[in-house]
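Single-letter residue listing:
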Amino acid sequence: MNHDNYVPEDIDNGERAVSCPICGTNIPNNPKEMLFEIESIDTDFRIHTLLDDLLDDWLIQCPVCFYVSHDFFIPPKNLQKVSVFVESPHYLSSFTDNNPTTLELFQAYLKILFVDHAPAYLIGDCYMRISWLYDDDENETLARENREHAITYFERALIEIEMNAKDISMIYYLIAELHRRNKKFDNARNNLYNLDTSIKMMRNLFDFQWKLIQEKNSGVVQLPREENSHEALS
């Protein structure tokens with residue numbers, strides 16, 4: 001595949017690499033299909049593996065200009081605006097040292113998404129992932145706040161672009177899940193009604209989520225094994 005931003009090999013590791021779209025530094029890129037052994041998947045599609053927390057490796061950062069992204073192969077739409085922002089003191093102040101935490105990386109990535117005017121779904125997804133990190137720290141207040149932000153942007157995504165029935169259902173499902181986690185069970189139920197249950201996967205997700213809502217269960221719950229697949233995450 002030919003791409004202006006693609007570098008065939010990383011000299012040090014012999015791995016596929018790309019040029020940082022901001023400063024041109026060659027770095028290994030996150031593969032689109034990571035190989036891992038799945039232990040479980042939560043109802044909000046957070047993946048747990050036997051060896052590691054994927055969130056710690058989901059973002060990559062350029063070691064020179066500190067630009068953060070999930071996939072350097074795809075440059076920002078508004079490259080000039082993002083370049084100026086990444087060089088700004090406001091952005092650089094996001095990092096306390098040269099070894100940022102996973103949370104700091106996600107917070108920096110969120111800022112870049114806003115500057116780049118990224119699609120609402122990507123912003124909602126980032127807020128949801130940040131809520132996972134606050135869950136890990138047992139900070140329910142900030143976890144809840146970020147879930148609310150995720151809901152707002154997932155709702156915007158529904159009117160932002162045309163989507164197929166599966167994608168629309170998936171967004172409504174995530175909104176229902178986030179409301180359930182925030183103990184807004186009526187809101188969760190109302191959004192769940194919008195799933196296209198003629199799609200088998202959505203029927204299964206509806207049934208499982210409905211039971212959690214009826215039980216007023218607001219906790220982290222693992223998906224049943226039949227939905228614990230890459231297909232469910234597409």
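That block above? That's the structure.
Residues numbered from 1 in each chain as written. Predicted model: local features only at pLDDT ≥ 70, side-chain atom pairs only at ≥ 80, totals over all residues. Heavy atoms only, no water.

J.: Looking at this structure, I do not really get the pattern of salt bridges. What am I missing?
T.: Should the charged atoms of two oppositely charged side chains come close, the side chains can pair. Under the defined criterion, the tally for this structure stands at 10 salt bridges. Residues D136 and R46 are paired through a salt bridge, measuring 2.8 Å at the closest nitrogen-oxygen approach. Linking D136 in helix α5 (residues 120-136) with R46 in the loop between β4 (38-41) and β5 (47-49), this pair joins segments that are 90 residues apart in sequence. For D136, a relative accessible area of 42% gives the class partly exposed. We note a salt bridge from D135 to R181, for which the minimum N-O separation is 3.5 Å. (Salt bridge = Lys/Arg side-chain N within 4 Å of Asp/Glu carboxyl O. Helix = DSSP H or I, 4+ residues; strand = E, 2+ residues; numbered from the N terminus. Buried < 20%, exposed > 50% of the residue type's maximum accessible area, 1.4 Å probe, protein only.)

J.: Got a minute to help me understand the side chain of H179 in this structure?
T.: When you line up the elements, H179 lands in helix α7 (residues 165-181). Residue H179 is classed as buried on the basis of its relative accessible area, which comes to 6%.

J.: Would you mind showing me how to read the packing of α5 against α7 here?
T.: In helix packing, the relevant descriptors are the interaxial angle and the interaxial distance, both defined with respect to the helix axes. Running from amino to carboxyl end, α5 crosses α7 at an angle of 30°, the nearest separation of the two axes being 13 Å. Compared by their axis directions, α5 and α7 come out roughly parallel. Crossing handedness for the pair α5 and α7: left-handed. Judged by residue contacts, Y121, M128 and D135 of α5 engage I171, L174, L178 and R181 from α7. Its residues placed into classes, the contact of α5 with α7 shows five nonpolar, no polar and two charged. (Axes fitted to C-alpha atoms, helices over the stretch in contact; angles between N-to-C directions. Parallel < 35°, antiparallel > 145°, perpendicular 65-115°, else oblique. Left-handed = near helix turned anticlockwise from the far one by under 90°. Contact = heavy atoms within 4.5 Å. Nonpolar A, V, L, I, M, F, W, Y, C, P; charged D, E, K, R; others polar.)

J.: It is not clear to me how the pairing of β4 should be interpreted in this structure. Could you clarify?
T.: When a strand is regular, its side chains alternate between the sheet's two faces. Where β4 meets β5, three bridges bridge the pair, whose relative direction is antiparallel. Its bridge partner being in β5, I38 is matched across the sheet by T49. From the end of β4 to the start of β5, which pair antiparallel, there are five residues, and F45 there has a positive phi angle of about 70°. (Pairing = 2+ DSSP bridges.)

J.: Honestly, the packing of aromatic side chains in this entry has me stumped. Any pointers?
T.: The geometry of an aromatic ring pair is captured by the separation of the ring centres together with the interplanar angle, meaning the angle of the planes. Taken as a whole and judged by the stated rule, the model has 13 aromatic pairs. When the ring of Y91 is compared with that of F95, the centres are 5.4 Å apart and the planes differ by 80°; the resulting orientation is edge-to-face. Assigned by exposure class, Y91 and F95 land together as buried. Here a set of aromatic residues connected by ring pairs shows up, and it is made of F66, F85, Y91 and F95. The ring centre of Y153 lies 4.5 Å from the NZ or CZ of R156, which sits over that ring. Positioned over the ring face of W210 is R189, at 5.8 Å from the centre of the ring. (Phe/Tyr/Trp six-rings, centres within 6.5 Å; stacked < 30°, edge-to-face > 60°. Lys NZ or Arg CZ within 6 Å of the ring centre and 35° of its normal.)

J.: Would you mind showing me how to read helix α9 (residues 200-214) here?
T.: The terminal C-alpha atoms of α9, which comprises 15 residues, lie 21 Å apart, in line with the 21 Å expected from a rise of 1.5 Å per residue. All of the buried residues in α9 are M201, M202, L205, F206, Q209, L212 and I213. All buried residues of α9 lie within an arc of 135° about the axis, which places them on one face of the element. (Expected span 1.5 Å × (residues − 1). Arc of directions from axis to C-beta.)

J.: How should unusual backbone geometry be read in this particular structure?
T.: In most cases, non-glycine residues show a negative phi, while peptide bonds are predominantly trans. Phi angles above zero are rare outside glycine, and E138 is one such case at about 60°. Here E138 shows up in the loop between α5 and α6 (140-160). For K216, which is not a glycine, the phi torsion comes out positive at approximately 55°. Structurally, K216 can be placed in the loop between α9 and α10 (230-233). Using a relative accessible area of 54% as the deciding quantity, one classes K216 as exposed.

J.: Just to check I follow, could you spell out the nonpolar core for this structure?
T.: Within soluble globular proteins, side chains that are nonpolar generally end up buried alongside one another. The biggest cluster of nonpolar side chains holds 66 residues, and the ones touching the most others in it are Y67, V68 and Y173. Elements with a minimum of two residues in this core: α1 (55-58), α2 (79-86), α4 (102-115), α5, α6, α7, α8 (185-192) and α9. Looking at this core, the element that brings in the most residues is α5, giving nine residues. Among residues more than four places away in sequence, those in contact with Y67 are C20, P21, I22, I60, Q61, C62, F72, P76, V82, V86, Y91 and I112. (Core = buried A, V, L, I, M, F, W, Y, C linked by side-chain atoms within 4.5 Å.)

J.: Mind showing me how you'd approach the environment of V64 here?
T.: Looking at the secondary structure, you find V64 in the loop between β6 (60-61) and β7 (68-69). Among the residues examined, V64 registers a relative accessible area of 52% and is labelled exposed. Sequence separation between V64 and C20 is 44 residues, and the spatial gap between their C-alpha atoms is 9.2 Å.

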